[in-house]
Amino acid sequence: GLACQDKATFARLPSYSKVLLRMNSPSRPDFFLSLKWKALLLSSIALIVVTGTLVTINHIELRNQFEQRRAELQNQYARQVQGLLEQSSKQLRQWSTIIASLLRIHTDSADPDRKQMIATFEHLAAILELDLGVESIVLTSSNNRFLAMHGLEPGSSTWTTLAQVSRQVATTENPASLLDCSETCLQYAIAPILGIGGTLVLGLSLADIVLDFQQVSGTDLGLVVGQTRAVSKNGDGERWLQQWGVKVAALSNMHTNIEILRAATRKNTLSDSARQSVYVNINNREFEVRLFPLLGFGEWTNAYLVIVADVSDAMAKIRSALQRNITLGTIGLILSELLLLAILWAPMSRLRRAAAKLPWLADGAFAKVREAITATRQTQFFRDEVSVLNDTAIALSLQLEVLNDEAVERTRDLSKRMT
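Residues numbered from 1 in each chain as written. Predicted model: local features only at pLDDT ≥ 70, side-chain atom pairs only at ≥ 80, totals over all residues. Heavy atoms only, no water.

Visitor: Just to check I follow, could you spell out the sheet that holds strand E4 (residues 186–192) for this structure?
Guide: By definition, the strands of a sheet pair up through backbone hydrogen bonds, in either a parallel or an antiparallel sense. Across the sheet, which stays open at both edges, the five strands sit in the order E2-E1-E5-E4-E3 with antiparallel pairing between neighbours. Each end of this open sheet is capped by a strand with a single partner; those strands are strand E2 (146–150) and strand E3 (176–180). Sheet twist, expressed as the average angle between the axes of neighbouring strands with direction ignored, equals 15 degrees. Relative to strand E5 (residues 199–205), E4 runs antiparallel, the two being bridged by seven bridges. Across the sheet, glutamine 187 pairs through a bridge with leucine 204, a residue of E5. Relative to the sheet, helix H6 (residues 206–217) contacts strand E1 (134–140), E3, E4 and E5, its axis offset from that of E5 by approximately 35 degrees. (Pairing = 2+ DSSP bridges. Helix = DSSP H or I, 4+ residues; strand = E, 2+ residues; numbered from the N terminus. Axes fitted to C-alpha atoms, helices over the stretch in contact; angles between N-to-C directions. Contact = heavy atoms within 4.5 Å.)

Below, the structure written as structure tokens:
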């Protein structure tokens, strides 16, 4: 019945009407996504990737530049401190040689007990301690017996080491230098007293050199030492860094920086800290800790120069630059997407309206289709693909109208002939 009539009616329709009906008939329920949203989505992904890459590269370059500048400055400090130690050693050796010569001049060779030399030594020792800051002064006899001393405890490990070096200097009659940090970190110069035998030992604190340099450079510096053989901590546990196995011989701003060093020991090993900086956070401040090995401390002692710097302001600027770049990138992304959406909105709207009018062709409303499309064409300033589509739709409506009129005319003629 009705189904057969529908098939017969569909068979009599012109071919263009069949096509339009198939286009307008519901098919599989596909998910519809407008072209403007597809373009917006793809462009958003591309812009996010590009912006994120640029922000990341910029942040990495800022960090690299910061670390490079810090490394150059720290290497400069380490070279300067090493140079000061070498200069101090040379100067201390010159002092010891001069004073040894004075002792020889003021000593009577007929005095077997060297009482005159000891008296002269005591007088010069007071001057050296008060004016030059010498902390240890030792006088030995030709048979390596200690005649007088200041600032040194008999029986200590330093006493034993100095006795060995003094014996060697007395035998070779050549001055020698020694850096010893087994107890207190001192720089020693041992000079022979020529002609009458014996040696003169002068010891100067390395901590004074490091702290004097800190006052000039304005950077917190320190000196840590560790022994490859077991030594006593001398009851000074506050200065002992257990994780690194070193003792703090000197450190500016001791109360604050010792806590920074303890935090650094929990984050990195001693060898790693000597290769790269360690960053620690204390009291909402960020500090950089770097160690540099110092030369000339002998086979039993390892000494490191410690540089502690407050880099909170610099790191805050780097983070601020990162946030600024992210903000600018996000604003640029939003503006670009809004501009793209504004460009695509009008053409896509016209395309949608044109697509909505095309089914009217199946109903024969050709004039209505042309009127609707012409109304949208009047609001355009520039032609584009949608304009070409509208022109094509108008031309198609004219052709379909002509074909439809011809079909109606032929149908009317056929009906007359059949009657």
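Visitor: Where do I start with the environment of leucine 92 in this structure?
Guide: Within the element layout of this structure, leucine 92 appears in helix H3 (residues 35–105). Accessibility expressed as a relative area gives 1% for leucine 92, which makes it buried. Leucine 92 sits 95 residues away from glutamine 187 along the chain, and the two C-alpha atoms are 8.4 Å apart. Residues in contact with leucine 92, not counting those within four places in the same chain, are Gln187, Tyr188, Ala189, Leu202 and Leu204. (Buried < 20%, exposed > 50% of the residue type's maximum accessible area, 1.4 Å probe, protein only.)

Visitor: Can you help me understand the pairing of strand E8 (residues 246–251) in this one?
Guide: The side chains of a regular strand alternate, first on one face of the sheet and then on the other. In terms of residue burial, E8 counts as a mostly covered element, since five of its six residues are buried. Note that strand E7 (residues 240–241) and E8 share two bridges and pair antiparallel. The residue of E8 that forms the bridge with tryptophan 240 is lysine 247. Taking the residues between adjacent antiparallel strands as the criterion, E7 and E8 are bridged by four residues, where glycine 245 takes a positive phi near 65 degrees.

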